[in-house]
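Coordinates in review
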Amino acid sequence: MFSINNFTESSFRERGSKFLGFLFPADSEDSFAVELEKLKSKYPDATHHCYGWRLNPAQPKEFSTDDGEPSGTAGLPILNQLRSFEVVNAGIVVVRYYGGTKLGKSGLIEAYGLAAKQCLEKASLVSIKPVRLFEVQYHYPEENTIQQLINNYDLKIMESEYLEKVILKVACPIKTAPGFEKELSGMEHLNITSQKLGEHFIPG
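A short tour of the structure in this document, coming up. Only a predicted model underlies this, so the values are computations on that prediction, with no experimental measurement involved.

**Comments concerning the pairing of strand 3 (residues 17–25)**
Here strand 3 lies mainly inside the structure; seven of its nine residues are buried. Where strand 2 (residues 8–14) folds back onto strand 3 in an antiparallel hairpin, the turn is made up of two residues, including Arg15, whose phi is positive at roughly 50 degrees. With eight bridges connecting them, strand 3 and strand 6 (residues 90–97) associate as antiparallel partners. Residue pairing in the sheet places Leu23 in a bridge with Ile92 of strand 6.

Below, the structure written as structure tokens:
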């Protein structure tokens, strides 16, 4: 999966209609809504403001809308491009100015999809991977045991605290998290304790 760290735009005409595409980062529905309102204010006289977004790499959530276009001809083609590029935490808005000639359902699907695709092709994609976060506590003599777990499960240390005990906050790839959690649970006799903190994502 990928995220983006820049804004991109696309623009073209199709049988008189003008399509303007806008791709931007969005890590929540609220942050997407802010950008959408900016575009609606900038292009208040547009015929349609259609869009799609994908959020949360750990458990992807998606939404799209046709904003008055025939069902499935605008929002879904935009969303499908985000899926095709495996992009999350991003949204695309395509603004259309109707040019007097109907494009038909297939023409609309192609045009909205193309506007989204052109934005994505210009974007700087950043590889990310979903992870599960754990807090692990252990005594210093178990350092080698913990290091072996880090190597075996490709763990990334997010935070560390060295006091009477060592406290690590680690990120484990989602796919190997169940195995890591099971192995940790069998180490309580070594005074290695752990707590599951939830899901997150990190650069891949």
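**Quick notes on the packing of aromatic side chains**
Taken as a whole and judged by the stated rule, the model has eleven aromatic pairs. Here the aromatic rings of Phe19 and Tyr112 are separated by 5.2 Å at their centres, their planes lie at 90 degrees, and the arrangement is edge-to-face. Of this pair, Phe19 sits in strand 3 while Tyr112 sits in helix 3 (residues 104–122), placing them 93 residues apart in sequence. In terms of burial, Phe19 and Tyr112 fall into one category: buried. Put simply, the rings of Phe7, Phe24, Phe32, Tyr51, Trp53 and Phe63 pair up and form one aromatic cluster.

**Here we look at the environment of Glu183**
Note that Glu183 resides in helix 5 (residues 177–185). Here Glu183 falls in the partly exposed class, since its relative accessible area comes to 32%. A sequence separation of 34 residues divides Glu183 from Leu149, and the C-alpha atoms of the two residues are 8.8 Å apart. Beyond its immediate chain neighbours, meaning those up to four positions away, Glu183 contacts Leu149 and Tyr153.

**Structural notes on the sheet that holds strand 4 (residues 48–55)**
Sheet architecture is open: five strands sit in the order 2-3-6-4-5, paired in antiparallel fashion. Pairing within the sheet leaves two strands with one partner each, and these edge strands are strand 2 and strand 5 (61–65). Pairs of neighbouring strands in the sheet enclose a mean axial angle of 10 degrees, with direction left out of account. Bridge count for strand 2 against strand 3 is seven bridges, and the pairing is antiparallel. When the bridges of strand 3 are listed, Glu14 appears paired with Ser17. Lying on the sheet, helix 3 is in contact with strand 2, strand 3, strand 4 and strand 6; it crosses strand 2 at an angle near 150 degrees.

**Quick word on the nonpolar core**
General note: in soluble globular proteins, nonpolar side chains tend to be found buried as a group. In terms of nonpolar packing, the biggest core is built from 23 residues, with Leu23, Leu82, Ile92 and Tyr112 touching the most fellow members. Listed by contribution, the elements that provide at least two residues to this core are strand 3, helix 2 (75–84), strand 6 and helix 3. If you tally residues by element for this core, the top one is helix 3, at seven residues. Ignoring any residue separated from it by four or fewer positions in sequence, one finds Ile92 in contact with Phe22, Leu23, Phe32, Cys50, Tyr51, Gly52, Ile78, Leu82, Ala116 and Leu120. Core analysis: the next-biggest nonpolar cluster, separate from the first, contains 17 residues, Tyr138, Tyr153, Leu155 and Met187 among them.

**A closer look at the packing of helix 2 against helix 3**
Between helix 2 and helix 3, the least distance of the axes is 8 Å, while the angle of their chain directions is 35 degrees. In this structure, helix 2 crosses over helix 3, and the sense of that crossing is right-handed. Seen from helix 2, the contacting residues are Pro77, Ile78, Gln81 and Leu82; seen from helix 3, they are Ile109, Tyr112, Gly113, Ala116, Lys117 and Leu120. Of the residues in the contact of helix 2 with helix 3, the class split is seven nonpolar, two polar and one charged.

**Re helix 3**
One turn of an α-helix holds 3.6 residues; hence residues three or four places apart share an orientation. Between its first and last C-alpha, helix 3 extends 28 Å over 19 residues, near the 27 Å set by a 1.5 Å rise per residue. What helix 3 keeps buried is the set Gly107, Leu108, Ala111, Tyr112, Gly113, Ala115, Ala116, Cys119 and Leu120.

**Brief notes about the pattern of salt bridges**
In this structure the tally under the stated criterion is ten salt bridges. Put simply, Glu29 and Lys61 hold a salt bridge, and the shortest N to O gap is 2.6 Å. Here Lys61 lies in strand 5 and Glu29 lies in helix 1 (residues 29–42), a separation of 32 residues in the sequence. On the basis of relative accessibility, which here comes to 38%, the residue Glu29 falls in the partly exposed class. Lys61 gets classed as partly exposed once you look at its relative accessible area, which sits at 44%. A salt bridge links Glu62 to Arg54, with the shortest nitrogen-to-oxygen separation between them at 2.8 Å. Through salt bridges that share partners, Arg54, Glu62 and Arg83 make up one connected network.

The rules behind the values
Residues numbered from 1 in each chain as written. Predicted model: local features only at pLDDT ≥ 70, side-chain atom pairs only at ≥ 80, totals over all residues. Heavy atoms only, no water. Buried < 20%, exposed > 50% of the residue type's maximum accessible area, 1.4 Å probe, protein only. Helix = DSSP H or I, 4+ residues; strand = E, 2+ residues; numbered from the N terminus. Pairing = 2+ DSSP bridges. Phe/Tyr/Trp six-rings, centres within 6.5 Å; stacked < 30°, edge-to-face > 60°. Contact = heavy atoms within 4.5 Å. Axes fitted to C-alpha atoms, helices over the stretch in contact; angles between N-to-C directions. Core = buried A, V, L, I, M, F, W, Y, C linked by side-chain atoms within 4.5 Å. Left-handed = near helix turned anticlockwise from the far one by under 90°. Nonpolar A, V, L, I, M, F, W, Y, C, P; charged D, E, K, R; others polar. Expected span 1.5 Å × (residues − 1). Salt bridge = Lys/Arg side-chain N within 4 Å of Asp/Glu carboxyl O.

Geometric values such as these leave the question of function open.
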